[in-house]
Amino acid sequence: MDEQEELKPETEQVEEDEKLTTEALHEMIVNKDIQGLRETFLTVQDADIAEAADELETTDLIYIFRSVPSSSTASFFDYLNQDAKENLIAALTDKELVKIINEQAADDVTDFVGEMPANLARRVLLAAKKDMREDINRLLNYKEGTAGSIMTTEYLEFIDTMKVDEAIEAIREKGKGAETIYTIFVRDRKRDFVGTVDLDNLIFASKTQRLSEIMNKDVVSCSTLTDQEEVAKMFRRYDLSAMAVLNEDHKLAGIITVDDAVDVMTAESQEDLARLTNMEPSTKSYMDMSAWENAKKCIPWLIALLVLGTFTTMILNRLESQAIFTTMAILTAFVPTLMDTGGNAGGQTTGLMIRGLAVDDFGPKDWAKILLKEFRSALIVGAMVGAFAFLWITIEQYTGIVNMGDISGTGDITNPLNFDGATIWNGRVWTAEFTEHALIFSGLVALTMFCSIVAAKLIGTLLPIGAAAIKKDPALLSQPLLTTVMDAATLVIYFVIACAFFPAYA
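Overview of the structure. Counting of residues starts from 1 at the beginning of each chain's written sequence and follows it residue by residue. Residue-level local features of this predicted model are given only where pLDDT is at least 70; pairs of side-chain atoms are given and counted only at 80 or more, and the full residue set underlies all totals for whole chains, interfaces and linings. To obtain the side-chain values, all non-hydrogen atoms of the structure were included, while hydrogens and water were left out.

A look at the sheet that holds strand 2 (residues 183-187)
And then number 1: If DSSP finds at least two bridges between two strands, the strands pair. Runs of E in the DSSP output that reach at least two residues are strands. Runs of H or I that reach at least four are helices, and both are numbered from the N terminus. Ordered in space as 1-2-3, the three strands form an open sheet in which the pairing is mixed. Strands at the two margins of the open sheet, each flanked by one partner only, are strand 1 (157-159) and strand 3 (193-198). Each neighbouring strand pair of the sheet contributes to a mean axis angle of 35°, computed without reference to strand direction. Throughout, an axis means a line fitted to C-alpha atoms (over the contacting stretch in the case of helices), and angles, computed between N-to-C directions, take values from 0 to 180 degrees.

A look at the side chain of Asp487
And then number 1: By the secondary structure assignment, Asp487 is in helix 23 (residues 474-501).
And then number 2: Despite being buried, Asp487 has no salt bridge partner; Lys457 is the closest side chain of opposite charge, sitting 16 Å away.
And then number 3: Throughout, a residue-residue contact means that at least one pair of heavy atoms, one from each residue, lies within 4.5 Å. Residues in contact with Asp487, not counting those within four places in the same chain, are Thr312 and Met339. We call a residue buried when its accessible area falls under 20% of the maximum for its residue type, exposed when it is over 50%, and partly exposed in between, using a 1.4 Å probe and counting protein chains only. Two residue types count as positive, namely Lys and Arg, and two as negative, namely Asp and Glu; His and chain ends fall outside the count. Criterion for a salt bridge: a side-chain nitrogen of Lys or Arg within 4 Å of a carboxyl oxygen of Asp or Glu.

As for helix 17 (residues 291-320)
And then number 1: For helix 17, built from 30 residues, the straight-helix expectation of 44 Å at 1.5 Å per residue is met to within 8% by its first-to-last C-alpha distance of 40 Å.
And then number 2: The quantity called bend is, for any residue, the angle between two axes fitted respectively to the seven residues ending at it and the seven beginning at it. The sharpest bend along helix 17 comes to roughly 30°, located at Thr310.
And then number 3: Of the positions making up helix 17, those classed as buried are Trp301, Thr312 and Leu319. Multiply 1.5 Å by the residue count of a helix minus one, and that product is the helix's expected span.

A closer look at the sheet that holds strand 4 (residues 221-223)
Strand pairing in a sheet is mediated by backbone hydrogen bonds. Such pairs are either parallel or antiparallel.
And then number 1: Reading across from one edge, 4-5-6 is the order of the three strands in this open sheet, with mixed pairing throughout. On the outer flanks of this sheet lie strand 4 and strand 6 (252-257), each paired with one strand and no other. With direction set aside, neighbouring strand axes in the sheet form an average angle of 30°.
And then number 2: Where strand 4 and strand 5 (residues 242-246) come together, three bridges link them in parallel fashion. Considered in strand 5, the bridge of Ser221 is made with Ala244.
And then number 3: The sheet strands contacting helix 15 (residues 228-238) are strand 4, strand 5 and strand 6, and the helix crosses strand 5 at an angle near 140°.

Some remarks on the nonpolar core
And then number 1: Nonpolar core, defined: a set of buried Ala, Val, Leu, Ile, Met, Phe, Trp, Tyr and Cys residues in which side-chain atoms within 4.5 Å join the residues together. In terms of nonpolar packing, the biggest core is built from 41 residues, with Leu25, Leu61, Ile64, Phe76, Leu80 and Phe112 touching the most fellow members.
And then number 2: Excluding residues within four positions of it along the chain, Ile64 makes contact with Leu25, Ile29, Leu37, Phe41, Leu56 and Phe76.

Section: the pairing of strand 6
And then number 1: Burial runs high along strand 6: six of the six residues are buried.
And then number 2: Note that strand 5 and strand 6 share five bridges and pair antiparallel. Looking at the pairing, Ala244 lines up with Ile255 of strand 6.
And then number 3: Hairpin geometry of strand 5 and strand 6 is characterised by an intervening segment of five residues between the two adjacent antiparallel strands and by a positive phi of about 65° at His250.

Comments concerning the packing of helix 1 (residues 22-30) against helix 4 (residues 58-67)
And then number 1: Put simply, helix 1 and helix 4 touch, their axes get as near as 10 Å, and they point 70° apart. Relative to helix 4, helix 1 is oriented roughly perpendicular. As helix 1 packs across helix 4, the resulting crossing turns out to be left-handed. For the pair helix 1 and helix 4, contact is made by Leu25, His26 and Ile29 and by Asp60, Tyr63 and Ile64, respectively.
And then number 2: Here the nonpolar group is Ala, Val, Leu, Ile, Met, Phe, Trp, Tyr, Cys and Pro; Asp, Glu, Lys and Arg are the charged ones; every other residue, Gly included, is treated as polar. Considering only residue class, the contact of helix 1 with helix 4 consists of four nonpolar, one polar and one charged. Here the angle decides the label: under 35 degrees means roughly parallel, over 145 means roughly antiparallel, 65 to 115 means roughly perpendicular, and every other value means oblique. Handedness of a helix crossing follows the sense of rotation of the near helix relative to the far helix, less than a right angle counterclockwise being left-handed and clockwise being right-handed.

In short, geometric facts, not functional conclusions.
Now the structure itself:
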């Protein structure tokens, strides 16, 4: 979007509780209220109008574009969803399409053209002016996800020998079509990029000074091949409003503005969130997706997790046949709690690691320092949760929430080790044997929980950092692997500790 796009006057803004609705917009179209539509575009933000227009029919959208001047609808078109854009391009006349397309920035047109069917993309390119068409074709040639694919070619570039008053006059002449006028990019006679000049520095400089005298030479730039996520990090780290994109010859190929960087940050955050919830990321909003499109995002991951869960099923199946679990069935009652707690602890750590890697708080090279820090944290968390678990499991046994069962295996109700149905309510728990076994089981579960939390936090630390070290998406690899590894590890830890507590049944 154009950084210079004028905001509608605050005094005329539609209040939040009077937000433009689809019904109100549709009513103006049905009543052919052209004056009302034009006033709406003068007083309501284009993003809000586009949100209200999302559910309108294509014929209604066509009426809007034919009734409101193209200078007012250019930004509105950019905010529409992809399906609406494709339907409009297919329906509008060539003359109407020329007006809409040539009001757009080349990088914005490239964004939606790249996702269109070939016949519609061809119509857009034919409607675009020659200079814009060349820019679009050049941007489409850059690999998706790189700085080259998101940069714009509409910027102000002046030679370093230009005087300040000449530069200001040039901005007046050419600035209207530029993506930003707040940062001017400077080149030398060899067309090499040499620096930038901020608009405020230009205004306060002497008229006779040359740009080379006031420009900032220590500037941050990126290559056309730089990953867009790295570009977003650079904007965040250096607090930039615009950044130069250079080709292999150190010449200016285009620029990236902060609004483009914010779009990348938003997209990357949504992708990471989708990965963490075991779903495929989508470029569409939830309301724009059909039921089938939504299902397609979930099915692959659910099937993959089902297959990975085979390892956990295999281990659990083997353990259930062991004497210690067949004799003391109460042990199996705590398996879900232990697995959930371990998975939750690991998930918390994984989330912290993914966020830290995303915002460049640390990198794979810091793994030893981070692992030691998380180990200390894990000891504290494990000890606190384990202590609470000991108390809580004891209460569960005494109140009958968890039935200790017949540990004697005789079925004899008079046997002091037959605790089947024993609770504080029937008075059968006030024996030394019950207290002893209740505390043993509580200690067993608490110690297992302590060990599984420590293991989960260490694994939850290493998985994202390991993925980043091999240049893979930490969110993509960490979450499914963490679930599988922690479930299996928790079961093994539980079995080993149970055998240590009851060696006779090992």
